[in-house]
Structures are given as structure tokens and as C-alpha cells.
Amino acid sequence: MAESHHHKTIKRTHLKTTTTSCTNPFCFFCSINEPSPSLRRTRLYRCFKEMTSSSDQEQEHVLVLSVLFNLAANQPNDPEFLYLGIFECMSKLIQRGVDDKEWLLRDQNIYIPYYAAHIIGSYTMNRADFAEKAVESGVVLPLMELLRGKISWVEQRVAVRALCHLVSHERTFKAIADLYEQEIIELSKEIACNCFQVVYENFLGVKKKTLRVKYHCDLLTRGIGGFELENQKAEKWTSQLQCLSLYLLNCFVKQERSLGLICTEEFLKTVCEMWGGLENPNTVSGIGLIRTLCYTKIGRESVAKLKQVIKSLCNVSRSSFDWQYVAIDSLLLLLKDPDTRYKVIDIAALFLVDLVELEEIGEAITQTLLRDFHKIIYGKLKLMKSKKAERALKEIWDLKVERRKREKLMSEEEITERKSMVGELKQRGNQKFWCGSIEEAVKMYTIALDLCPLKMVKERIVLHSNRSQCYLLLKKTEEAAISDTTRALCLSGTVRVHSKSLWRRSQAYDVMGLAKESLMDCLTFIGSRSMKPKHTKRRVKIPYYAALMISKQMNATWPFNDAAKSKLCSRHQRKVEKSNGPDRFPGMSTIVEEQSIKKRWKNRNVDREMKKKCVTFTGGPTRIHR
């Protein structure tokens, strides 16, 4: 990992002094190079102890921490420093940065809390005994100070990371939860819901590079990046901050702690729209947290009450999200519980009916939906709302039970006759389509699907996909188009996905205003094209229409959209609120803002002179997503 410019300067200075003679008896670099193991441990112990009490070598402290940061990241299971006082040293340095503002803003000390929290998080990542040692050494209190936003969102991110590792171990979870459970829950919810707003206001929304906080820029790009790279890294770090806060909540849900605080209506409605980390599908998304809640009784009852959350789960279940199966699992958990089944089946059945032929999980969906089908058919049990859900259940029964029985009794001659009829109907449907008789084409494809044997998978895929194209052209039938394309994709499987159906479903989601689902289908469509044999030996070209769709949906789904829209209209209101009362994140940016204000006053006269001499371009801002 490349070091930033100020660290390289410090390192060069240190090398010049050490090549001649080192006069510091507590020098970390001399201690670590000591050949005698016992003397090495003694000197390192004294070095860590002296680091928190002396202020003579503060510039060197930053370099030491950056080296320890790299060692901890590359060798998190190495126990050498753990029993020499590294956790005590890091916790004291963080606490000093929080308590002593003058010290924090002197020289390079502003970097120290970030590196210290990162070192704690790395060493507690894998081993429970390391986590126990960290808790015994008193790291939790200073990490909680960073979690409260006492310095800035950058330190908050590494504090959340460290706390996630600490609470993920059974041995240390109870010790932390007994002291800080309620506060951690409330802060994690606040961070998950508002971190994009905070980062935009304090970093991304600052359009002039000279007005951005310098140490934030250095940490984001390691001192070698420009404005665009800073923006990309800030977006990535903010997404990580949200995912880590959700993971922190997830750890408490797994222990069935504070479910009442987490399962509030407002938070569940917000969390179901949180994506999670697209670069790492294993991270906890909003859907992932809801799935964990659905494993608990209180969680299922809370989720089942909210139609918005159920609809969001249903949309994800019929999409190309990495969390598609997570959403399906959540719906099945709700449907298996007798107390929540009939609160969600009216909505869920309309979506899951398209997934009953999905490989691996299709049979589980069928069995769950048809559990009490006979009670519904014979009138003993009525669903809460319209007849649409009942018709969906009857369709599943006919597809998965009745048609299978009928086709087993068919002779070879009858099957051959049906194949020829299906082929003829498909051709007639195609002719109607090209002649502009779209509704007639839909009828032809529908009759062909009713006659088509279940074993003719390829023909059924084409028929569903063709009918979905007709629905798109007819308009006002986008839901039917999504249903048909989803069925075609379930039949095609994941190995040889039907790319045309992906593109058509992306179009349908676009018309319905579901930008996330449309974007993921479009990205998967491009990926499926690269897997085709004809593209293996040459460079894959993204179709122009797909590039336009991706650009449109990335603009629509940019996570900072709400923050950007509200910045101008609420700037005055936020100033009034800050003067009248505490901020939502107490102390979040006070240290950073003071430095920024000084820079603004210094640059104001320079800006005025530049404006007189330069011609400015007012074509409007342009944002490129990669």
C-alpha cells in the first residue's frame, strides 16, 4: 500500500537520522530491529508505554502507527505486539485525540486516531482471544467516542469496523452489550440512515479541492490521487460505513437483543432500501438485516405489518441482485409462520408464482405456498384481499401438480402433435407481432404456452420472452412483462441465462420507476453477453442502448442524490438548528469545520482576483460513474 506524501517526508527524515546515530532510547524502529528476542520485547514494551506519555517524537508517532497499520493489515493473527501493550497504547492515543483538541490539531497528530482504531480492528478481526485482550485493555470506551462522531466520519468508519469485530465474538459480545447496548443500537441506526448525508455535506459537496479537509484527502487516496479518485473512494467508504453499521445491528439481532429498538416502523421502511456493498456480496445489506430479523418471532411480526417492506422483498426476489435468494428466504420464513402467513401471502403469492421453477429453491417455494391450498379451494379459508392471490395459488397447483400428472399419461403421439401445434402457434404469433397486431400475438403465445409440454424448456423460454416484448409495447402491462421475463429467466437457469429476457425486464423495471432493479438487470445482461462463445476471443462491446440505460439508472440510484437535492434548500435551516441546539451527530465535524473555515477566509481574496482574470464555464456539473 502506497504511503502518503507527508508520511514519505517523515520517513526520509527518520532514515537520515538513523543512518548516522539514533539518540532516542525509545525508538520503535531501533527496537523492532533488535536481534535479541528478550531485549526486543522489553524495548517494544517501553516504546509503546512512552508513546502515550511523551510528546517529543510526535511526528515519528504517526510514522510508527502507519507501519503498525500495515503490519496489522497483513498479519492480523501475529500475537507479538498484543502482550506488549499495543492495545493500551492505541486506546490512550485515541482518547487523547478526543479529549485534547489542541494536541490533535498539532503537527500530524490528526492521523493518529484513524490509524489507532484501524490497528485495533485488524488485530481483533479473526481471533477471540485477541478480542478479549483488547476489551480488557480498555479499547471500547475510546472507540465509542469515535462512534459518537467526536472527530469526523472518517474515524467513525474505522471505529464501527473495530466494534463489529469485537461484538462478532461470543466472548466479548456480552461485555460490550451489557455496557453500551442501547447506545450502540441507536448510533448504528443513525449512521446507517444518515451517513450519506453527512459525508456529502462534509466532503463530497465541497466542490473545491482546496477547501476539502487535507487529511481526509490523504487518507482516501494515500496522497497520490486527484479530485475524481477522492470522490470515488469517499463513495466507497460511505457505503462501507453503512454496511458496517448494519452488520453491527445484525450481531445484536442474532443474539435476539434490542429487537424492540431495531424493529421500529420508520427504520424498517428505510433499511429495506439499503443496498449494501456491491463489491462484496457477503456484506450485510438492508435485505440481509431483514432476513436475520425474520429468524426471530418479534422480527417476523414487525416486518409482516409493513406492506412497503414486503413489496421491497418481493421486488428483490424477482431481480438480478446478489441478495435475490436472501429476499426469497425472508418471504418463506414469513410464510411458514402461521401468525404472519396470511398477512403477507396476498402480496407475496403474486411475485413468488413466477419463481416456482427457479432452480434449487423452486420446490421449496411451491411447497410453502401450497401448504394449505385445499382449505382455500374448498372455501374454508379465505385470503384477506382480492382474488388475485388465490388465482396465483391455483396457477401454481395447475403447473406443478395437475399438468405433471396429465403429461405423464400422454402418449408419444400426443406429445409430438402438441410440439407441432406449439411451433405453428409461435410462428403465427411472430407474424401477428411483425404485422402490428400485438394483442393477437399475445393470444397466440398464451395458447402455445398452455399447450407446450413442461419438458420443452427452450420453447417455453422463447414464448415467455416473446410475450413479454408484446406486453412492453402494449404499455400499462409492465408487471405482466416482468412476470414473463422472470419465468423465462428461471427456466434458463444461471449457467446460460436468457439475455433478451434480462434486457426486457430491465426496460420494464425502468418504466415502473424501479431504478435499482433495472440497473442490476442491465449489468447482468452485459455480463451474459460476454459469456457467449462468439465473444470469447474478442473484446466485448457494450451496446449503445445498454450504455444509455446504465448511465440513466446510475444517476437515478446514486446514493448521495437525496443529500445533493436537500443541501441548497436546507442550508439556512441547518445553520439555525446548529445555533439553537445540538446536531444529530454531536461533535461530528467541529474539529474539521474549524480548519475549513480558516482555509475559506484565506482563499477568499485569492478567489476574487482569479474571478476577475478568468472566464468561467457555466455549463452545469457533470458526474461520471465508473
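Look a little higher up for the structure.
Residues numbered from 1 in each chain as written. Predicted model: local features only at pLDDT ≥ 70, side-chain atom pairs only at ≥ 80, totals over all residues. Heavy atoms only, no water.

Peer 1: Quick one: what's the story with empty space enclosed by the protein, residue by residue and with numbers?
Peer 2: The final tally for this structure, using the stated rule, is one cavity of 30 Å³ or more. As a volume, the largest cavity reaches approximately 40 Å³. Around the largest cavity, the lining residues are Val353, Asp354, Val356, Glu357, Leu399, Arg487 and Cys490. Grouping the constituent residues of the lining of the largest cavity by class yields four nonpolar, no polar and three charged. (1 Å grid on protein atoms, 1.4 Å probe; cavity = no way out; pocket = protein on both sides within 12 Å on 5 of 7 lines; lining within 4 Å. Points joined across faces, edges and corners; volume = space filled by probe spheres on them. Nonpolar A, V, L, I, M, F, W, Y, C, P; charged D, E, K, R; others polar.)

Peer 1: Now, about the packing of aromatic side chains: what can you tell me, with residues and values included?
Peer 2: Here the structure, examined in full by the defined rule, presents 17 aromatic pairs. Aromatic side chains Phe525 and Tyr545 sit 6.3 Å apart centroid to centroid with 35° between the ring planes, which places their arrangement in the tilted category. Separated by 20 residues along the polypeptide, Phe525 in helix H29 (residues 515-530) and Tyr545 in helix H30 (residues 544-557) bring together distant segments of the chain. Judged by its relative accessible area of 41%, Tyr545 falls in the partly exposed class. Site record: aromatic cluster; members linked through ring pairs are Phe69, Tyr114, Tyr115 and Trp237. Over the face of the ring belonging to Phe267 we find Lys189, whose NZ or CZ atom lies 5.4 Å from the ring centre. (Phe/Tyr/Trp six-rings, centres within 6.5 Å; stacked < 30°, edge-to-face > 60°. Helix = DSSP H or I, 4+ residues; strand = E, 2+ residues; numbered from the N terminus. Buried < 20%, exposed > 50% of the residue type's maximum accessible area, 1.4 Å probe, protein only. Lys NZ or Arg CZ within 6 Å of the ring centre and 35° of its normal.)

Peer 1: Describe helix H28 (residues 499-512), and please don't skip the residues or the numbers.
Peer 2: The terminal C-alpha atoms of H28 lie 20 Å apart, and with 14 residues this matches the ideal 20 Å at 1.5 Å per residue to within 8%. Taken residue by residue, H28 has Ser499, Ser501, Leu502, Trp503, Arg504, Arg505, Ser506, Ala508 and Tyr509 as its buried positions. Turning to H28, the residues buried within the fold contact helix H18 (307-317), helix H26 (457-474), helix H27 (478-492), H29 and H30. At the C-terminal side of H28, Gly513 shows a positive phi close to 85°. (Expected span 1.5 Å × (residues − 1). Contact = heavy atoms within 4.5 Å.)

Peer 1: Lay out the nonpolar core in plain terms, naming residues and giving numbers.
Peer 2: Membership of the largest hydrophobic core comes to 155 residues, with the highest contact counts inside it found for Leu68, Met90, Leu143 and Leu313. Examining the composition of this core, we find that 16 residues originate from one element, helix H11 (residues 170-204), more than from any other. Residues in contact with Leu68, not counting those within four places in the same chain, are Phe28, Phe48, Phe81, Ile86, Met90 and Ile119. Judged by nonpolar contacts, the second largest core, of 21 residues, contains Ala441, Ala448, Met456 and Ile482. (Core = buried A, V, L, I, M, F, W, Y, C linked by side-chain atoms within 4.5 Å.)

Peer 1: Provide a residue-level description of the pattern of salt bridges, including the pertinent values.
Peer 2: The full count for this structure, using the stated rule, is 32 salt bridges. As a salt-bridge pair, Arg127 and Asp129 come within 2.8 Å of each other at their nearest N and O atoms. The class of Arg127 is partly exposed, set by a relative accessible area of 31%. A salt bridge links Asp510 to Lys552, with the nearest nitrogen and oxygen atoms 3.0 Å apart. (Salt bridge = Lys/Arg side-chain N within 4 Å of Asp/Glu carboxyl O.)

Peer 1: Any chance you could break down the side chain of Arg161 for me, citing the residues and the numbers?
Peer 2: Inspection of the secondary structure puts Arg161 in helix H10 (residues 153-167). For Arg161, the residues in contact, after removing those within four places along its chain, are His118, Gly121, Ser122, Met125 and Leu244.

Peer 1: So what's going on with helix H23 (residues 388-408)? Residues and values would help.
Peer 2: Given a rise of 1.5 Å per residue, 21 residues ought to cover 30 Å, and the 29 Å separating the end C-alpha atoms of H23 matches this to within 8%. Of all the bends in H23, the largest measures some 40° and sits at Asp398. For H23, the full list of buried residues reads Ala389, Glu390, Ala392, Leu393, Ile396, Leu399, Lys400, Val401, Arg403 and Glu407. (Bend = angle between axes of the 7 residues up to and from the residue.)

Everything listed here is a matter of geometry and, on its own, says nothing about what the molecule does.
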